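If you want the building blocks of each chain, they are given just below.
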Amino acid sequence: MVLLKDIAKACGVSTAAVSKALHHAPDISEETRKRICETASVMGYLPNASARALKTKRTYNLGVVFKEKAGRGLTHEYFGAVLDSFKKEAERAGYDITFINNERKERTYLKHCIYRSFDGAAVVCADFGSGEIKELLQSELPVVTVDDCCGRPAVISDNEGGMRRLTDYICARGHRRIAYIHGEDSEVTQARLRGFAIAVREHGIRLPQEYICGGVYHDSESGGRLTAKLLAQRERPTCILYPDDFSALGGILEIRRQGLRIPEDISVAGFDGTSLAEALSPKLTTVVQDTGRIGRETARALIRLVEEPEAENGLAPTVVETVLREGASVGAISKE
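An account of the accompanying structure is given in this report. Quantities reported herein were computed from a predicted structural model and do not represent experimental measurements. Per chain, residue numbering runs from 1 following the sequence as it is written. In keeping with the predicted nature of the model, local features appear solely for residues at pLDDT of at least 70, side-chain atom pairs appear and are counted solely at 80 or more, and the whole-chain, interface and lining totals rest on all residues. As a convention, hydrogens and water are excluded, and side-chain values are obtained from all of the structure's heavy atoms.

## Describing the pattern of salt bridges
- What counts as a salt bridge is simple: a side-chain nitrogen of Lys or Arg found within 4 Å of a carboxyl oxygen of Asp or Glu. The final tally for this structure, using the stated rule, is 18 salt bridges.
- A salt bridge links E30 to R33, with the shortest nitrogen-to-oxygen separation between them at 2.6 Å. With E30 and R33 both in helix 3 (residues 30-43) and three residues apart, the pair spans about one turn of that helix.
- Between R300 and E89 there is a salt bridge, with its nearest N and O atoms 3.1 Å apart. Remark: E89 occurs in helix 5 (residues 77-92) and R300 occurs in helix 13 (residues 291-307); sequence separation between them is 211 residues.
- For E89, a relative accessible area of 7% corresponds to the buried category. In this text, helices come from DSSP runs of H or I with a minimum length of four residues, and strands from runs of E with a minimum of two, each type numbered from the N-terminal end. Note on classification: 1.4 Å probe, protein chains only; a residue is buried when its accessible area is under 20% of the maximum for its type, exposed when over 50%, partly exposed between these limits.

## As for the state of the cysteines
- What counts as a disulfide here is a pair of cysteine sulfur atoms lying within 2.5 Å. This model, assessed by the stated rule, comprises zero disulfides.
- As a non-bridged cysteine, C213 has C239 as the owner of its nearest cysteine sulfur, 13 Å distant.
- Among the residues examined, C213 registers a relative accessible area of 5% and is labelled buried.

## Here we look at the nonpolar core
- Core analysis: the biggest nonpolar cluster contains 27 residues, and L62, V64, F66, F86, Y95, V124 and I294 have the highest contact counts within it.
- Those elements that place two or more of their residues in this core are strand 1 (61-66), helix 5, strand 3 (120-125), strand 4 (143-146) and helix 13.
- The greatest single-element share of this core, amounting to seven residues, is contributed by helix 13. By nonpolar core is meant a set of buried Ala, Val, Leu, Ile, Met, Phe, Trp, Tyr and Cys residues that side-chain atoms within 4.5 Å join together.

## As for helix 1 (residues 4-11)
- Those residues of helix 1 lying buried are I7, A8 and C11. Projected onto a plane normal to the axis of helix 1, the buried residues spread over an arc of 100° and lie on a single side. Counted as exposed and oriented over 90 degrees from the buried face of helix 1: K5, K9 and A10.
- With its phi angle positive at about 70°, G12 sits one or two positions after the end of helix 1. Picture the helix axis, draw a direction to every C-beta atom, and the arc is the one those directions span.

## Digging into the packing of helix 8 (residues 159-172) against helix 9 (residues 187-202)
- Orientation of helix 8 relative to helix 9, taken along the N-to-C sense of each, is 35°, at an axis distance of 7 Å. Between helix 8 and helix 9 lies a crossing of right-handed hand. Residues N159, E160, M163, R164, T167 and D168 of helix 8 form the contact with helix 9, whose participating residues are V188, A191, R192, R194, G195, F196, I198, A199, V200 and E202.
- Any residue that is not Ala, Val, Leu, Ile, Met, Phe, Trp, Tyr, Cys, Pro, Asp, Glu, Lys or Arg is counted as polar, Gly included; the first ten are nonpolar and the last four charged. Taken together, the residues that form the contact of helix 8 with helix 9 break down as seven nonpolar, three polar and six charged. Angles run from 0 to 180 degrees between N-to-C directions of axes, and those axes are lines fitted to C-alpha atoms, restricted for helices to the stretch in contact. Here is the rule for handedness: rotate from the far helix to the near one, and if that takes an anticlockwise turn smaller than a right angle the crossing is left-handed, while a clockwise turn gives right-handed. Two residues qualify as a contact provided that any one of their heavy atoms is within 4.5 Å of a heavy atom in the partner residue.

## Quick word on the environment of R177
- Here R177 shows up in the loop between helix 8 and strand 6 (178-182).
- Placed 63 residues apart in sequence, R177 and I240 show a C-alpha to C-alpha distance of 8.8 Å.
- Under the rule applied, a polar contact is a pair of N or O atoms within 3.5 Å (in protein, one hydrogen donor and one hydrogen acceptor; residues adjacent in sequence only if both atoms are side-chain atoms). Of the polar contacts made by the side chain of R177, one reaches the backbone oxygen of R236; its length is 3.0 Å.

Function-wise, these values are silent; they only describe arrangement.
This is the structure we're talking about:
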(Lines give C-alpha, C1' and ligand atoms only; values in the text may rest on other atoms or scores of the structure.)
Protein backbone atom coordinates (compact mmCIF):
# COMPACT_ATOMS: atom_id res chain seq x y z
CA MET A 1 0.00 0.00 0.00
CA VAL A 2 1.44 3.36 -1.07
CA LEU A 3 1.32 6.02 1.66
CA LEU A 4 1.71 9.81 1.50
CA LYS A 5 5.15 9.51 3.11
CA ASP A 6 6.27 7.19 0.30
CA ILE A 7 5.29 9.76 -2.33
CA ALA A 8 6.92 12.54 -0.27
CA LYS A 9 10.18 10.60 -0.13
CA ALA A 10 10.13 9.92 -3.87
CA CYS A 11 9.52 13.59 -4.65
CA GLY A 12 11.81 15.02 -1.98
CA VAL A 13 9.03 17.04 -0.36
CA SER A 14 7.07 16.97 2.89
CA THR A 15 3.95 14.85 3.42
CA ALA A 16 2.05 18.13 3.91
CA ALA A 17 3.07 19.20 0.39
CA VAL A 18 1.88 15.86 -1.01
CA SER A 19 -1.47 16.25 0.74
CA LYS A 20 -1.89 19.78 -0.63
CA ALA A 21 -1.03 18.67 -4.16
CA LEU A 22 -3.45 15.75 -4.13
CA HIS A 23 -6.24 17.95 -2.78
CA HIS A 24 -5.56 20.80 -5.23
CA ALA A 25 -4.78 23.32 -2.49
CA PRO A 26 -4.06 26.81 -3.88
CA ASP A 27 -0.85 27.40 -1.88
CA ILE A 28 1.34 25.04 -3.91
CA SER A 29 2.87 25.68 -7.32
CA GLU A 30 1.37 24.05 -10.39
CA GLU A 31 4.75 22.57 -11.29
CA THR A 32 5.11 20.89 -7.89
CA ARG A 33 1.48 19.73 -7.88
CA LYS A 34 1.89 18.15 -11.31
CA ARG A 35 5.12 16.39 -10.34
CA ILE A 36 3.60 14.98 -7.13
CA CYS A 37 0.39 13.85 -8.85
CA GLU A 38 2.31 12.13 -11.64
CA THR A 39 4.54 10.36 -9.10
CA ALA A 40 1.50 9.26 -7.08
CA SER A 41 -0.11 7.87 -10.23
CA VAL A 42 3.02 5.95 -11.25
CA MET A 43 3.37 4.50 -7.72
CA GLY A 44 -0.27 3.39 -7.77
CA TYR A 45 -1.46 5.57 -4.90
CA LEU A 46 -5.17 5.27 -4.10
CA PRO A 47 -6.69 7.64 -1.52
CA ASN A 48 -8.70 6.07 1.28
CA ALA A 49 -12.18 7.39 0.58
CA SER A 50 -13.54 6.50 4.02
CA ALA A 51 -10.69 8.21 5.83
CA ARG A 52 -11.00 11.29 3.65
CA ALA A 53 -14.77 11.45 4.26
CA LEU A 54 -14.30 11.22 8.04
CA LYS A 55 -11.71 13.98 8.00
CA THR A 56 -13.51 16.41 5.71
CA LYS A 57 -17.16 15.51 6.50
CA ARG A 58 -17.72 15.17 2.74
CA THR A 59 -18.42 12.21 0.46
CA TYR A 60 -16.77 13.74 -2.63
CA ASN A 61 -19.78 12.74 -4.69
CA LEU A 62 -21.83 15.24 -6.69
CA GLY A 63 -25.33 14.63 -7.99
CA VAL A 64 -26.40 15.58 -11.51
CA VAL A 65 -30.00 16.27 -12.57
CA PHE A 66 -30.29 15.68 -16.31
CA LYS A 67 -33.71 15.13 -17.81
CA GLU A 68 -34.17 16.60 -21.30
CA LYS A 69 -37.43 16.43 -23.22
CA ALA A 70 -36.00 15.32 -26.56
CA GLY A 71 -35.20 11.89 -25.12
CA ARG A 72 -31.67 11.88 -26.57
CA GLY A 73 -29.98 11.35 -23.24
CA LEU A 74 -26.21 11.48 -23.39
CA THR A 75 -26.34 11.36 -27.20
CA HIS A 76 -27.67 14.92 -27.14
CA GLU A 77 -24.61 16.68 -28.53
CA TYR A 78 -24.94 19.93 -26.59
CA PHE A 79 -25.75 18.45 -23.18
CA GLY A 80 -23.49 15.45 -23.72
CA ALA A 81 -20.53 17.80 -24.24
CA VAL A 82 -21.45 19.92 -21.20
CA LEU A 83 -21.71 16.82 -19.00
CA ASP A 84 -18.42 15.38 -20.29
CA SER A 85 -16.62 18.60 -19.41
CA PHE A 86 -18.34 18.75 -16.01
CA LYS A 87 -17.30 15.17 -15.26
CA LYS A 88 -13.66 15.73 -16.22
CA GLU A 89 -13.37 18.89 -14.10
CA ALA A 90 -15.07 17.25 -11.10
CA GLU A 91 -12.80 14.21 -11.32
CA ARG A 92 -9.74 16.43 -11.67
CA ALA A 93 -10.70 17.96 -8.32
CA GLY A 94 -11.17 14.54 -6.73
CA TYR A 95 -14.96 14.26 -6.95
CA ASP A 96 -17.19 11.57 -8.46
CA ILE A 97 -20.52 12.29 -10.13
CA THR A 98 -23.77 10.34 -9.99
CA PHE A 99 -26.92 10.96 -12.01
CA ILE A 100 -29.97 11.58 -9.85
CA ASN A 101 -32.76 9.27 -10.94
CA ASN A 102 -36.36 9.78 -9.85
CA GLU A 103 -37.97 7.75 -12.61
CA ARG A 104 -39.43 5.26 -10.14
CA LYS A 105 -40.86 8.14 -8.06
CA GLU A 106 -39.62 6.52 -4.86
CA ARG A 107 -37.75 9.68 -3.91
CA THR A 108 -37.72 13.29 -5.01
CA TYR A 109 -34.48 14.78 -6.33
CA LEU A 110 -33.74 16.30 -2.92
CA LYS A 111 -34.49 13.10 -1.02
CA HIS A 112 -32.28 11.18 -3.46
CA CYS A 113 -29.45 13.63 -2.76
CA ILE A 114 -29.90 13.21 0.99
CA TYR A 115 -30.16 9.42 0.71
CA ARG A 116 -26.94 9.23 -1.31
CA SER A 117 -25.19 11.84 0.89
CA PHE A 118 -24.23 14.00 -2.09
CA ASP A 119 -22.08 17.02 -1.25
CA GLY A 120 -23.98 19.08 -3.82
CA ALA A 121 -25.93 18.89 -7.06
CA ALA A 122 -25.81 20.38 -10.55
CA VAL A 123 -29.09 20.89 -12.38
CA VAL A 124 -27.92 20.61 -15.99
CA CYS A 125 -31.27 20.08 -17.70
CA ALA A 126 -34.71 19.85 -16.12
CA ASP A 127 -38.15 21.39 -15.86
CA PHE A 128 -37.28 24.32 -13.61
CA GLY A 129 -40.96 24.96 -12.93
CA SER A 130 -41.57 21.53 -11.42
CA GLY A 131 -42.18 21.12 -7.71
CA GLU A 132 -39.29 18.67 -7.32
CA ILE A 133 -36.76 21.07 -8.82
CA LYS A 134 -38.10 23.95 -6.72
CA GLU A 135 -37.76 21.78 -3.62
CA LEU A 136 -34.13 21.06 -4.51
CA LEU A 137 -33.36 24.71 -5.26
CA GLN A 138 -34.92 25.89 -2.00
CA SER A 139 -32.99 23.39 0.11
CA GLU A 140 -29.73 23.98 1.97
CA LEU A 141 -27.84 21.63 -0.34
CA PRO A 142 -25.20 23.37 -2.52
CA VAL A 143 -26.75 23.62 -6.00
CA VAL A 144 -25.59 25.15 -9.28
CA THR A 145 -27.85 25.42 -12.34
CA VAL A 146 -27.05 25.55 -16.05
CA ASP A 147 -28.75 28.11 -18.32
CA ASP A 148 -31.43 29.09 -15.82
CA CYS A 149 -31.22 31.51 -12.89
CA CYS A 150 -33.43 30.34 -10.04
CA GLY A 151 -31.94 32.21 -7.13
CA ARG A 152 -28.95 29.86 -6.99
CA PRO A 153 -25.50 30.22 -8.59
CA ALA A 154 -25.75 29.56 -12.32
CA VAL A 155 -23.63 29.16 -15.43
CA ILE A 156 -25.35 30.72 -18.42
CA SER A 157 -24.54 30.72 -22.11
CA ASP A 158 -24.83 34.18 -23.68
CA ASN A 159 -27.99 33.29 -25.58
CA GLU A 160 -29.18 36.87 -25.94
CA GLY A 161 -25.85 38.13 -27.26
CA GLY A 162 -25.44 35.15 -29.57
CA MET A 163 -28.86 35.59 -31.15
CA ARG A 164 -28.30 39.33 -31.47
CA ARG A 165 -25.00 38.81 -33.33
CA LEU A 166 -26.56 36.19 -35.59
CA THR A 167 -29.47 38.48 -36.48
CA ASP A 168 -27.12 41.42 -37.06
CA TYR A 169 -25.13 39.25 -39.46
CA ILE A 170 -28.24 38.20 -41.38
CA CYS A 171 -29.45 41.81 -41.62
CA ALA A 172 -26.02 42.86 -42.87
CA ARG A 173 -26.46 40.33 -45.70
CA GLY A 174 -29.49 42.32 -46.84
CA HIS A 175 -32.31 40.27 -45.31
CA ARG A 176 -35.43 42.04 -44.08
CA ARG A 177 -37.97 39.21 -44.06
CA ILE A 178 -36.52 37.06 -41.29
CA ALA A 179 -38.52 34.31 -39.59
CA TYR A 180 -37.61 32.76 -36.25
CA ILE A 181 -38.71 29.30 -35.10
CA HIS A 182 -37.92 29.23 -31.38
CA GLY A 183 -38.00 26.47 -28.77
CA GLU A 184 -40.35 25.91 -25.83
CA ASP A 185 -40.77 28.69 -23.29
CA SER A 186 -37.78 28.85 -20.95
CA GLU A 187 -35.17 31.32 -19.76
CA VAL A 188 -32.99 30.32 -22.73
CA THR A 189 -35.82 30.96 -25.21
CA GLN A 190 -36.71 34.30 -23.64
CA ALA A 191 -33.08 35.44 -23.82
CA ARG A 192 -32.82 34.51 -27.50
CA LEU A 193 -36.14 36.21 -28.29
CA ARG A 194 -34.84 39.37 -26.61
CA GLY A 195 -31.67 39.29 -28.68
CA PHE A 196 -33.65 38.76 -31.87
CA ALA A 197 -36.12 41.56 -31.06
CA ILE A 198 -33.37 44.05 -30.18
CA ALA A 199 -31.46 43.34 -33.41
CA VAL A 200 -34.43 43.64 -35.79
CA ARG A 201 -35.58 46.81 -34.02
CA GLU A 202 -32.13 48.39 -34.34
CA HIS A 203 -32.17 47.61 -38.06
CA GLY A 204 -35.57 49.25 -38.43
CA ILE A 205 -37.32 46.02 -39.40
CA ARG A 206 -40.96 45.28 -38.61
CA LEU A 207 -41.91 41.62 -38.96
CA PRO A 208 -45.38 40.06 -39.25
CA GLN A 209 -46.37 38.02 -36.21
CA GLU A 210 -46.63 34.93 -38.43
CA TYR A 211 -42.84 35.00 -38.83
CA ILE A 212 -42.34 34.12 -35.13
CA CYS A 213 -43.19 30.45 -34.53
CA GLY A 214 -43.12 28.44 -31.31
CA GLY A 215 -41.42 25.12 -31.95
CA VAL A 216 -39.57 22.42 -30.03
CA TYR A 217 -35.86 22.18 -29.24
CA HIS A 218 -33.88 19.39 -30.90
CA ASP A 219 -36.83 18.21 -33.01
CA SER A 220 -36.30 17.95 -36.76
CA GLU A 221 -39.94 17.01 -37.36
CA SER A 222 -41.16 20.20 -35.72
CA GLY A 223 -38.57 22.19 -37.67
CA GLY A 224 -39.79 20.75 -40.95
CA ARG A 225 -43.49 21.23 -40.18
CA LEU A 226 -43.09 24.89 -39.18
CA THR A 227 -40.85 25.53 -42.18
CA ALA A 228 -43.64 24.31 -44.47
CA LYS A 229 -45.99 26.73 -42.72
CA LEU A 230 -43.60 29.63 -43.27
CA LEU A 231 -43.02 28.75 -46.92
CA ALA A 232 -46.78 28.81 -47.46
CA GLN A 233 -46.98 32.48 -46.44
CA ARG A 234 -48.13 34.84 -49.22
CA GLU A 235 -44.83 36.71 -48.73
CA ARG A 236 -42.45 34.05 -47.52
CA PRO A 237 -39.34 34.94 -45.50
CA THR A 238 -35.94 35.15 -47.15
CA CYS A 239 -34.22 33.65 -44.10
CA ILE A 240 -35.35 31.25 -41.35
CA LEU A 241 -33.65 30.93 -37.95
CA TYR A 242 -34.02 27.67 -36.02
CA PRO A 243 -33.85 26.89 -32.28
CA ASP A 244 -30.86 24.57 -32.80
CA ASP A 245 -28.85 22.86 -35.53
CA PHE A 246 -30.79 19.59 -35.34
CA SER A 247 -34.12 21.39 -35.81
CA ALA A 248 -32.57 23.23 -38.76
CA LEU A 249 -31.98 19.87 -40.44
CA GLY A 250 -35.73 19.26 -40.57
CA GLY A 251 -36.22 22.69 -42.10
CA ILE A 252 -33.53 22.09 -44.71
CA LEU A 253 -35.13 18.81 -45.76
CA GLU A 254 -38.53 20.51 -46.16
CA ILE A 255 -37.02 23.37 -48.18
CA ARG A 256 -35.39 20.89 -50.54
CA ARG A 257 -38.55 18.82 -50.73
CA GLN A 258 -40.25 21.90 -52.12
CA GLY A 259 -37.56 22.28 -54.77
CA LEU A 260 -35.90 25.35 -53.25
CA ARG A 261 -32.15 25.94 -53.00
CA ILE A 262 -30.10 27.06 -50.00
CA PRO A 263 -29.03 29.87 -49.95
CA GLU A 264 -30.01 30.92 -53.49
CA ASP A 265 -33.77 30.79 -52.85
CA ILE A 266 -33.89 30.94 -49.07
CA SER A 267 -31.32 31.20 -46.27
CA VAL A 268 -31.22 29.29 -42.98
CA ALA A 269 -29.28 29.50 -39.71
CA GLY A 270 -29.08 27.42 -36.55
CA PHE A 271 -27.83 27.64 -32.98
CA ASP A 272 -25.44 25.51 -30.85
CA GLY A 273 -22.50 25.01 -33.20
CA THR A 274 -22.67 21.21 -33.23
CA SER A 275 -20.70 18.92 -35.54
CA LEU A 276 -23.90 18.48 -37.58
CA ALA A 277 -23.68 22.12 -38.68
CA GLU A 278 -20.22 21.46 -40.11
CA ALA A 279 -21.32 18.27 -41.87
CA LEU A 280 -24.29 19.80 -43.71
CA SER A 281 -23.96 21.06 -47.27
CA PRO A 282 -23.86 23.99 -47.44
CA LYS A 283 -22.30 24.35 -44.01
CA LEU A 284 -24.80 25.82 -41.60
CA THR A 285 -24.31 29.32 -40.24
CA THR A 286 -24.77 28.92 -36.49
CA VAL A 287 -23.93 30.25 -33.02
CA VAL A 288 -21.33 28.16 -31.21
CA GLN A 289 -21.89 27.56 -27.50
CA ASP A 290 -18.75 26.85 -25.46
CA THR A 291 -19.87 23.57 -23.93
CA GLY A 292 -16.41 22.85 -22.54
CA ARG A 293 -16.31 26.03 -20.51
CA ILE A 294 -19.96 25.69 -19.42
CA GLY A 295 -19.22 22.25 -17.96
CA ARG A 296 -15.96 23.32 -16.31
CA GLU A 297 -17.42 26.47 -14.77
CA THR A 298 -20.41 24.54 -13.44
CA ALA A 299 -18.16 21.99 -11.72
CA ARG A 300 -15.88 24.69 -10.31
CA ALA A 301 -18.79 26.74 -8.96
CA LEU A 302 -20.39 23.69 -7.33
CA ILE A 303 -17.16 22.49 -5.76
CA ARG A 304 -16.49 25.97 -4.42
CA LEU A 305 -19.96 25.98 -2.80
CA VAL A 306 -19.28 22.59 -1.26
CA GLU A 307 -15.91 23.62 0.13
CA GLU A 308 -16.81 27.25 0.93
CA PRO A 309 -20.55 27.39 1.75
CA GLU A 310 -20.32 31.04 2.73
CA ALA A 311 -19.28 31.91 -0.84
CA GLU A 312 -22.80 31.45 -2.28
CA ASN A 313 -23.95 35.00 -1.56
CA GLY A 314 -21.07 36.41 -3.58
CA LEU A 315 -21.41 34.13 -6.60
CA ALA A 316 -22.97 36.02 -9.51
CA PRO A 317 -24.09 34.07 -12.60
CA THR A 318 -21.21 33.13 -14.89
CA VAL A 319 -22.01 34.16 -18.46
CA VAL A 320 -20.15 32.15 -21.11
CA GLU A 321 -19.53 33.87 -24.44
CA THR A 322 -20.95 32.50 -27.68
CA VAL A 323 -19.33 32.83 -31.09
CA LEU A 324 -20.93 33.30 -34.51
CA ARG A 325 -19.66 30.73 -37.01
CA GLU A 326 -20.29 31.73 -40.60
CA GLY A 327 -21.21 28.87 -42.87
CA ALA A 328 -22.58 29.12 -46.38
CA SER A 329 -26.28 28.82 -45.62
CA VAL A 330 -26.99 32.56 -45.44
CA GLY A 331 -26.79 34.26 -48.80
CA ALA A 332 -26.59 37.95 -49.60
CA ILE A 333 -29.57 39.68 -51.18
CA SER A 334 -30.25 43.18 -52.42
CA LYS A 335 -31.67 45.47 -49.75
CA GLU A 336 -35.34 46.11 -50.25
